[in-house]
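Listed below are the residues making up each chain.
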Amino acid sequence: MPSFSIGDTDFLLDGSPYRVLSGALHYFRVHPDQWSDRIRKARLMGLNTIETYVPWNEHSPTRGEFRTSGNLDLARFLDLVHAEGMHAIVRPGPYICAEWHDGGLPSWLVSDQSIVLRSHDPAYLEAVGEYLDEVYEIVRPRQIQHGGPVILVQIENEYGAYGADKDYLRRLTALTREHGIDVPLTTVDQPIDEMLEHGSLDELHRTGSFGSRAAERLATLRRFQPTGPLMCSEFWCGWFDSWGEIHHVTSAEDSARELDEMLAAGASVNIYMFHGGTNFAFTSGANDKGTYRSISTSYDYDAPLAEDGTPTEKFWRFREVIAKYAPVPDEVPAERTDAPVLEVDLDRNASLWQMPIIAAQRFDHLPVAAEFGSTRGFMCYSTRIEHGGLLSFGEVRDRAQVFLDGALVGVLDRELHERVLPLPEGAGGELTVLVENLGGVNYGSRLGEAKGLIAPATLDGVPLTDWTAGAVMLDDLDPVRAVLAAGPRIETGETGVEAAAPLSGPVFASGVFTLDEPTDLHIELPGWNTGIVRVNGVNLGRYRSRGPQRTHYVPAPVVRAGENEILVFETVGATTAAVRFAARPDLGPTEA
């Protein structure tokens, strides 16, 4: 029977020393039809293991369900890892960070203010137990001793940066063992004394997370993990991007040197990320360390394998380094080829206000989004006012467009710490506020915070308490398509002049394009401002003119030979009703 264990100095595979050469690849950030390709390319770089988080909120959007279809089929993903002859590391959290919405915690959990997150609170642990029941039902039979790929399972995630509740860690460990998880259990923290002390237990194997100064940080880790193998289980070879900032890149040469130093010291490694993928739909998180910053749609991470699966310079440099310490296959992956270049006129459009997709409810107070079931995307608030004046909210989370009788009167942006807006004197009528949730904070004390408009709401200091509010229902596109189809089609002729006319938001616009065969595409939206884009019904995520990313990845399995639909929801407005498909991805400037 195969075995994997921790020895005095090394990991032991069937009793022999074994170095884990792993790469992070999140199944939920990659189209499932592309899993095999990405896993195989990891092996071709010389890796022997694939690591993944498990996002609780995606699998369990409501309590009592556990979704495993499509890009959430963890069992199939692990089986594909095994089929490639590789091992697997599973990190189920329950908190994962990962620059993911609410750090992976479900909305129904974080909205319950009586629950103390990431603690030994019985109510929290009860919910965690239900989640782990489902996860470990998948993982347990796929452990190495049962003939599967799983060799390590992680307890929590960088807990030392959040808390020091040892009873919580003990209970998570006990739950894991009670579910038949017998492979070694690990924790990960940054190599800072306090974090390494608070974030683990002596019966768990401590690992580190860092991206530079490998020798120094491994030495710190060794003080807290005096026996067994050293492992950097998050070797940050790149970084994530936030809207309004630059596209982060790190030197391939420097990263390869750090990797070489780590492997020369005998350490095991998990490259974070080997392949980043995409924050499709409304899955990206946010950080708030005094100023809120929403994570971009692309999770390219400047990784060895780019967002579209192309090997980068880091891939080749890392491959050369790994070849010094372990066998590397002779086969190499293909380089990128140009994608089709297209220009598409979106010849149908209609205002959001024409769409029967706002599920409104009456409230005698200003509700947070969770009160009317809005957990992601957009929500709409409205009330009547008799006059203008100074409109004020306790807080806006995260971006609000304010309309008076349908006319835009201002924008309140959380990133700019805006929450007060002067309305025209003498104005009165229907006050409508379209709020966009730009991602739940995934790290730190604001984890799981409420979204929407936060009370109090006042006009010239007088409370506004009579509200209608509801989610903008964007999962079912049929009502949107029906309104678009019933409206006039813009005739563009051969010049596309009419389709180039400006659009006033919030507006939906749609069009079709034709392909000879399915292929990767890269959408550009020049002249558009902020919104979401869908192809054949698949929500590819947010776009924002502020960048950094200038193109959005369309995986080949999303499109088909023949006619394809593109549908854009633009919240502000566009100078043109046309979009382009570029030959290559453009993730934006790398310098300020």
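Given the structure is predicted, the values throughout are model-derived calculations rather than measurements. Position numbers for residues count from 1 along each chain, tracking the sequence in the order it is written. Totals for whole chains, interfaces and linings use all residues, but because this is a predicted model, local features are given only for residues with pLDDT of at least 70 and pairs of side-chain atoms are given and counted only at 80 or more. The side-chain numbers reported here are obtained from all heavy atoms of the structure, hydrogens and water having been left aside.

**A short note on the layout of surface pockets**
To find the voids left in a structure, one rolls a probe of water-molecule size over its atoms.
Then, number 1: Here a cavity means grid points, on a 1 Å grid over the protein atoms only, where a 1.4 Å probe fits yet cannot get out; a pocket means an open set of points with protein on both sides within 12 Å along at least five of seven lines; lining residues are those with an atom within 4 Å of a point. Grid points are joined across faces, edges and corners, and a volume is the space filled by probe spheres set on the points. Reported here for the largest pocket is a volume of approximately 1200 Å³.
Then, number 2: Residue lining of the largest pocket: 42 residues in total, with Glu58, Arg67, Ala281, Arg376 and Asp475 positioned closest to the centre.
Then, number 3: Of all the secondary structure elements, the ones that give two or more residues to the lining of the largest pocket are α2 (56-59), β25 (467-472) and β30 (538-544).
Then, number 4: Here a strand is any run of E in DSSP of at least two residues, a helix any run of H or I of at least four, and the numbering for each starts at the N terminus. Ranked by the residues each element gives to the lining of the largest pocket, the list is headed by β30, at 3 residues.
Then, number 5: A per-class count over the lining of the largest pocket returns 20 nonpolar, 14 polar and 8 charged.
Then, number 6: Here the second largest pocket is characterised by a volume of approximately 400 Å³.
Then, number 7: Taken together, 25 residues line the second largest pocket, and the ones lying closest to its centre are Glu99, Trp239, Phe240, Asn287 and Lys289.
Then, number 8: Put simply, the parts of the chain that give the lining of the second largest pocket at least two residues each are β10 (231-236) and β12 (286-288).
Then, number 9: Basically, the charged four are Asp, Glu, Lys and Arg, the nonpolar ten are Ala, Val, Leu, Ile, Met, Phe, Trp, Tyr, Cys and Pro, and anything else, Gly included, counts as polar. Grouping the amino acids of the lining of the second largest pocket by side-chain chemistry returns 10 nonpolar, 8 polar and 7 charged.

**Some words on helix α5 (residues 122-139)**
Then, number 1: Its 18 residues give α5 an end-to-end C-alpha distance of 24 Å, which sits within 8% of 26 Å, the value for a rise of 1.5 Å per residue.
Then, number 2: Those residues of α5 that fall on the buried side of the exposure criterion are Tyr124, Leu125, Ala127, Val128, Gly129, Tyr131, Leu132, Val135, Tyr136, Ile138 and Val139.
Then, number 3: Along its buried surface, α5 packs onto α2, α3 (74-83), β6 (87-91), α4 (107-110), β7 (150-154) and α6 (166-178). Expected span of a helix: the number of residues minus one, times 1.5 Å. Burial status follows relative accessibility: with a 1.4 Å probe on protein chains alone, a residue under 20% of its type maximum counts as buried, one over 50% as exposed, and anything between as partly exposed. We call two residues in contact whenever any of their non-hydrogen atoms come within 4.5 Å of each other.

**Overview of the pattern of salt bridges**
Then, number 1: Salt bridges are counted wherever a side-chain nitrogen of Lys or Arg sits within 4 Å of a carboxyl oxygen of Asp or Glu. All chains considered together, the criterion is met by 44 salt bridges.
Then, number 2: The partner of Arg293 in a salt bridge is Glu245, with the nearest N and O atoms 3.4 Å apart. Here the residue Arg293 occupies a position in strand β13 (residues 292-294), and Glu245 occupies one in the loop between β10 and α9 (252-264), the gap between them amounting to 48 residues.
Then, number 3: Look at Arg293 and you get partly exposed, because its relative accessible area is 26%.
Then, number 4: Two residues, Asp288 and Arg446, come together in a salt bridge whose shortest N-O distance is 3.7 Å. In this pair, Asp288 is assigned in strand β12 and Arg446 in the loop between β22 (429-436) and β23 (452-459), connecting sequence segments 158 residues apart.
Then, number 5: For Asp288, a relative accessible area of 15% corresponds to the buried category.

**So, the environment of Leu201**
Then, number 1: For Leu201, the position within the fold is in the loop between α7 (193-198) and β9 (205-210).
Then, number 2: Taking the relative accessible area as the measure of exposure, Leu201 reaches 4% and is therefore buried.
Then, number 3: Here the alpha-carbon distance between Leu201 and Glu343, two residues 142 residues apart in the chain, equals 57 Å.
Then, number 4: Ignoring sequence-local partners within four residues, the contact set of Leu201 consists of Lys166, Leu169, Arg170, Thr173 and Arg206.

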